[in-house]
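Summary of structural features
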Amino acid sequence: MLTFILRRLAAGVLTVLTISVLGFFLLYLGARDTARRIVGDTAAPEIVARKQQELGLDRPIVVQFFDWAGSALRGDLGRSWFSGQPVTEALASRLPVTLSLTIGAILLTAVVGTVLGVLAATRRGWVDSSVQVGSFVGAAIPGFLVALVLVLVFAIGLQWVPATGYIRFTTSITGWLSTIILPIIALSIGAIASIAQQVRGSMLDALRLDYVRTLRARGIPNRRLIYDHVLRNSAGPALSVLGIQFIVMFGGAVVVEQVFSLPGLGQTAVSATIQGDIPLVMGLIVVTALIVLLINLAVDLIQGWLNPKVRLS
Amino acid sequence: MTHRTKLALTVAAGGLATALALTACSSPSATEEEAETTLRLGVVTQLSSFAPWEASWANESPYLQAVYDTLLRTEPDGTVIEGLATAWEWDDARTVLTLTLRDDVEFADGTALTAQVAADNLVRFRDGTSQNAPFLAGMTSAEAPDDTTLVITLAEPDPALPVYLSQNAGLIGSPAMFDSPDAQTTPIGSGPYVLDTDKTVVGSTYVYEANDEYWDSESVHYDNIVMTFYGDPTALMNAVKGGQIDATNLQSPTQIAEAEAAGFTAQTYEQNWTGFLLADRDGTINPAMGDVRVRQAFNYALDREGLLQALDGGLGTVTTQVFGLSSSAYDDALDDRYPYDPERARELLAEAGYADGFTLVMPSNNFVPESVFAIYKEQLDAVGITVEWEPTGDDLFGRLLGGSWAAFSFLLQTDPTSWQTIQFSMLPESAWNTSHVADPTVIELAQIVRSGEEADADAAARELNAYVVEQAWYAPVYRPYSAFITAEGTEATIQSDNAVPYLWNIRPTE
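Calculation rules
- Residues numbered from 1 in each chain as written.
- Chains lettered and ligands numbered in written order.
- Predicted model: local features only at pLDDT ≥ 70, side-chain atom pairs only at ≥ 80, totals over all residues.
- Helix = DSSP H or I, 4+ residues; strand = E, 2+ residues; numbered from the N terminus.
- Rg over C-alpha atoms; globule rule 2.2 N^0.38 Å.
- Buried ≥ 20, exposed ≤ 12 C-beta atoms within 10 Å, placed from the backbone.
- Contact = placed C-beta atoms within 7 Å.
- Expected span 1.5 Å × (residues − 1).
- pLDDT = per-residue confidence, 0-100.
- Nonpolar A, V, L, I, M, F, W, Y, C, P; charged D, E, K, R; others polar.
- Pairing = 2+ DSSP bridges.
- Axes fitted to C-alpha atoms, helices over the stretch in contact; angles between N-to-C directions.
- Parallel < 35°, antiparallel > 145°, perpendicular 65-115°, else oblique.
- Left-handed = near helix turned anticlockwise from the far one by under 90°.
- Core = buried A, V, L, I, M, F, W, Y, C linked by C-beta atoms within 7 Å.

**What to know about the overall build of chain B**
- Regarding its fold elements, chain B presents 15 helices and 22 strands.
- Taking 2.2 N^0.38 as the reference for a compact globule, 510 residues should give roughly 24 Å; the C-alpha atoms of chain B span a radius of gyration of 26 Å, in line with that estimate.
- Expressed as lengths along the three principal axes of its C-alpha atoms, the size of chain B is roughly 90 × 80 × 40 Å.
- Residue burial in chain B is summarised as follows: out of 510 residues, 47% are buried.
- Summarising the internal contacts of chain B: among those between residues at least 6 apart in sequence, 68% fall at separations of at least 24.

Dropping the structure here:
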């Protein structure tokens, strides 16, 4: 197990390094007028030149890369060209917001999606039909549309929760919940649909297998049969999809954070990209790659726990 | 359905209902904060920097005014008044401005304000990377003969200097910021509020607490200010309709109706103009554009009322001049010097020898929708000016200010003083006189505006305005509305020379 983990970590680090190099050169080579975007559209050419020199943009790109990489390896991702804030500080202040959103969404997705999938597979009939129709609709509706409708109904219409903004967990737990619940629901809808369908399909396949008939013949209670045996054996594919959904949610968080004006990584990604704030974008790339690496590792470990055959292979 | 399943579902439903109920009870509560007043201000532009020598202004001014003072201030009508300076005086040549500073001001770190600190700030601004650094480009020195006397020496007269000193050029920060690596994010000013860095999320939400030691306590109307950046128009309007904002600029005048429906009061004002700069007045790039009749034809070809309606829903005022409403050069008669007249346009083109028309290459860009360029092209093509839009991608400004095109479409601000507009785009060395045309009449009149007595300067400004309109240096289309909205319980006075009301003019309704 330790060897497995180390091997995966090593591969992941190599992946992060490759992505960082590619990302850096793509960003720098594609960047135009970065200094002007920072100082202002109507700035005089000499001011733009001054800013370029201050940021070191007049140096060869290879020099800039090694300068960045050397600092990054020491844990210094530089400073935002636009705000001057250290990139690590900027990311650290915003990561909890996005993690609140995505972890909350993935937990909601896992619970609700699994329950719906199990109900559909075991109840069949109108329950199964309803779950399938609901999944189709949930997958088809764009996340931002769900977000806008939720805001309109619950925040502006009923005024149950704020329409925008974020209250930190450490400031007020109920305040935090009030600002995160609608974004979590908006982010989860599509994923719930996907997981429900995946669980339904896997369980239907598993329920047809001989061991299930054998366990029933032995008098195992249906509830225990479903949850201790069938669901556990069906969970593998659903878990893989859940892992992918978690990563997709990081992308989906961009839209949700914009709609709800949440100060998370997604909002930062949009503004940093528009501004051409390359140090901040590079920081986002590195952090996102590391998160994806950890998620994939976690999924693999859980798969191994669920299914011993995976460990042996 | 089994009993256990029913129980599970009931518990889940109850939990969700409880969570929603708790969140409704827990909204940032007036009960908890009723002893303190808080202004919740929406801002439509991110703050670029708290460092005074990098500071921007306009939409960023609230962030900065909260923590800094400026050497001078302006009334809503643009009249210059005291700030950190209680008196100021020009010498006879109008190249030396002497200011007397207050002696009772301290920065948030306890450092006293002195004239030397102010002088150092001015030099840093002049040599810094603010887009307005050219405001002080003509400053040869800033000296402090004593702690309360600041002497600014210019190479040539600049009548707009007092206005500049009321804006970002006049921001005064503590000397502790000069070499601080955190200057961009951690301001140390003498202003009415202090930034709460613990509660602030850079780029998103800025929280300020009132400075109890502030020298002008009458201008402090709130115990706290929370400024939230809204980059997305939908998020902004959701915050407005959700009652989370007390005051904000709108990103577009088309949002006014929605804001008023939500119970807000909207005030509109005009501080920009949109249209064309007909830069190639010498005909160097396109010989046709060197003929005033061709440039006048360009103006006659534009259906300004139609364009205003189509592009901005009629929310603005058509114009053919680029000077601001509050400037001495403004003449409302010049707002319709060129009524829509395609026939007259064709006549002028024929007189100039272009009866068959000519081709004009202008830049398109990603800032403006393709449909806008299509509308302009249609109207100009109709009189014989065949427009070819050249896509520019990200390299627009470099090429634009480098004089790549004979004419181009843009949105620019109207300045509070005539001299600012002249300096910005009419002098041979002006950055936005992209072909660097040197017109003797413009130069002569500009010199009077710069150095003359007030009455002479005002007359020269009006004459210069009439001249550039007659010479069709520009083809402005309209001045779009900007809007500032306030919720019930909050009032604001529009600032004639700024995109946002000054912070001390936003207050609770009495």
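What follows continues from the structure just given.
**Here's the deal with the overall build of chain A**
- The number of helices and strands found in chain A is 13 helices and zero strands.
- When the backbone C-alpha atoms are referred to their principal axes, chain A occupies close to 85 × 55 × 35 Å.
- A burial count over chain A gives 41% of its 313 residues as buried.
- Residue pairs at least 24 apart in sequence account for 74% of intrachain contacts in chain A once pairs closer than 6 positions are excluded.

**Quick word on helix 12 (residues 278-306) of chain A**
- End to end, helix 12 of chain A covers 42 Å across 29 residues, agreeing with the expected 42 Å (1.5 Å per residue, within 8%).
- Residues of helix 12 of chain A that are buried: Ile-278, Pro-279, Leu-280, Val-281, Met-282, Gly-283, Leu-284 and Val-287 of chain A.

**Quick look at the confidence of the model for chain A**
- For chain A, per-residue confidence averages 86 on the pLDDT scale, and residues scoring 70 or more make up 97% of the total.
- Confidence scores differ between elements of chain A, with helix 13 (residues 308-312) of chain A showing the lowest mean pLDDT of 59 and helix 5 (residues 87-123) of chain A the highest of 92.

**Some details on the interface of chain B and chain A**
- Each partner contributes residues to the interface: chain B has 41 residues there, and chain A has 43 residues.
- Of all the secondary-structure elements, those providing two or more residues to the side of chain B that touches chain A are helix 1 (3-25), helix 6 (233-241) and helix 12 (396-401) of chain B.
- For the side of chain B that touches chain A, the per-class residue count stands at 15 nonpolar, 22 polar and four charged.

**Points about the sheet that holds strand 8 (residues 149-154) of chain B**
Residue and element names in this part refer to chain B.
- The strand order across the open sheet formed by four strands is 5-6-8-7, and the pairing between neighbours is antiparallel. Strands at the two margins of the open sheet, each flanked by one partner only, are strand 5 (85-90) and strand 7 (139-146). In this sheet, adjacent strand axes meet at a mean angle of 20 degrees when their direction is disregarded.
- In this structure, strand 5 lies alongside strand 6 (residues 96-101), joined through five bridges in antiparallel fashion. Residue pairing across strands places Ala-85 opposite Leu-101, the latter belonging to strand 6.
- In the packing of helix 4 (residues 115-126) onto the sheet, contacts are made with strand 6, strand 7 and strand 8, and the angle to strand 7 comes to roughly 170 degrees.

**Structural notes on helix 13 (residues 418-425) of chain B**
Residues and elements named next belong to chain B.
- Among the eight residues of helix 13, seven are classified as buried, and the element is accordingly described as predominantly covered.
- Within helix 13, burial applies to Ser-418, Trp-419, Gln-420, Thr-421, Ile-422, Gln-423 and Ser-425.
- On its buried face, helix 13 is in contact with helix 14 (440-451) and helix 15 (454-470).

**Some remarks on the packing of helix 5 of chain A against helix 11 (residues 265-275) of chain A**
Residue and element names in this part refer to chain A.
- Relative to each other, helix 5 and helix 11 sit at 130 degrees, their axes nearing to 8 Å. On the basis of the axis angle, helix 5 is oblique to helix 11. On helix 11, the residues that touch Ala-90, Leu-91, Arg-94, Leu-95 and Thr-98 of helix 5 are Leu-265, Gly-266 and Thr-268.
- Considered class by class, the residues forming the contact of helix 5 with helix 11 number four nonpolar, three polar and one charged.

**Quick notes on the packing of helix 9 (residues 210-217) of chain A against helix 10 (residues 222-260) of chain A**
All names here are of chain A.
- The interhelical angle for the contact between helix 9 and helix 10, taken along N-to-C directions, is 145 degrees, at an axis separation of 11 Å. Judged by the sense of rotation from one axis to the other, the crossing of helix 9 with helix 10 is right-handed. Listed contacts from helix 10 to Val-212, Leu-215 and Arg-216 of helix 9 are Leu-225, His-229 and Val-230.

**Describing the nonpolar core**
- Among the nonpolar cores identified, the biggest contains 217 residues, and Leu-278, Ala-407 and Leu-464 of chain B are the most heavily contacted of them.
- For this core, the leading source of residues is helix 8 (residues 173-207) of chain A, giving 16 residues.
- In contact with Leu-278 of chain B, not counting residues within four places along its chain, are Met-289, Arg-295, Phe-298, Ala-407, Ala-472, Trp-473, Tyr-474 and Ala-475 of chain B.

**Considering the confidence of the model for chain B**
Residues and elements named next belong to chain B.
- For chain B, per-residue confidence averages 91 on the pLDDT scale, and residues scoring 70 or more make up 93% of the total.
- In this model residues 1-5 is a low-confidence stretch, pLDDT under 50, and it forms one contact with partners more than four residues away in sequence or in other chains.
- In the predicted structure, residues 19-33 sits below a pLDDT of 50 and forms 20 contacts with residues beyond four places in sequence or in another chain.
- For this predicted complex, the interface confidence comes out at an ipTM of 0.85, alongside a pTM of 0.87.

**Thoughts on unusual backbone geometry**
- Positive phi outside glycine occurs at Ser-261 of chain A, with the angle close to 55 degrees.
- You can see Ser-261 of chain A is positioned in the loop between helix 10 and helix 11.
- One non-glycine residue, His-436 of chain B, adopts positive backbone phi at about 50 degrees.
- The residue His-436 of chain B is located in the loop between helix 13 and helix 14 in this model.
- What makes His-436 of chain B partly exposed here is the crowd of 14 C-beta atoms within 10 Å.

**Quick notes on the pairing of strand 12 (residues 224-229) of chain B**
All names here are of chain B.
- The buried fraction of strand 12 amounts to five of the six residues, a majority that puts the element mostly inside the structure.
- By the bridge criterion, six bridges tie strand 1 (residues 38-43) to strand 12 in an arrangement that is parallel. Bridge pairing in strand 12 links Leu-41 to Met-227.
- The pairing of strand 11 (residues 205-210) with strand 12 spans five bridges and is antiparallel. Its bridge partner lying in strand 12, Glu-209 is registered against Asn-224.

**A short note on the environment of Pro-157 of chain B**
Residues and elements named next belong to chain B.
- When you line up the elements, Pro-157 lands in the loop between strand 8 and helix 5 (161-164).
- Distance in space between the C-alpha atoms of Pro-157 and Asn-365 is 37 Å, their sequence separation being 208 residues.
- Apart from residues no more than four positions distant in its own chain, Pro-157 is found in contact with Arg-94, Thr-95, Arg-450 and Ser-451.

**What to know about the environment of Pro-62 of chain B**
- Within the element layout of this structure, Pro-62 of chain B appears in helix 3 (residues 61-67).
- Residues Pro-62 of chain B and Trp-504 of chain B, 442 residues apart in the sequence, show an inter-C-alpha distance of 9.7 Å.

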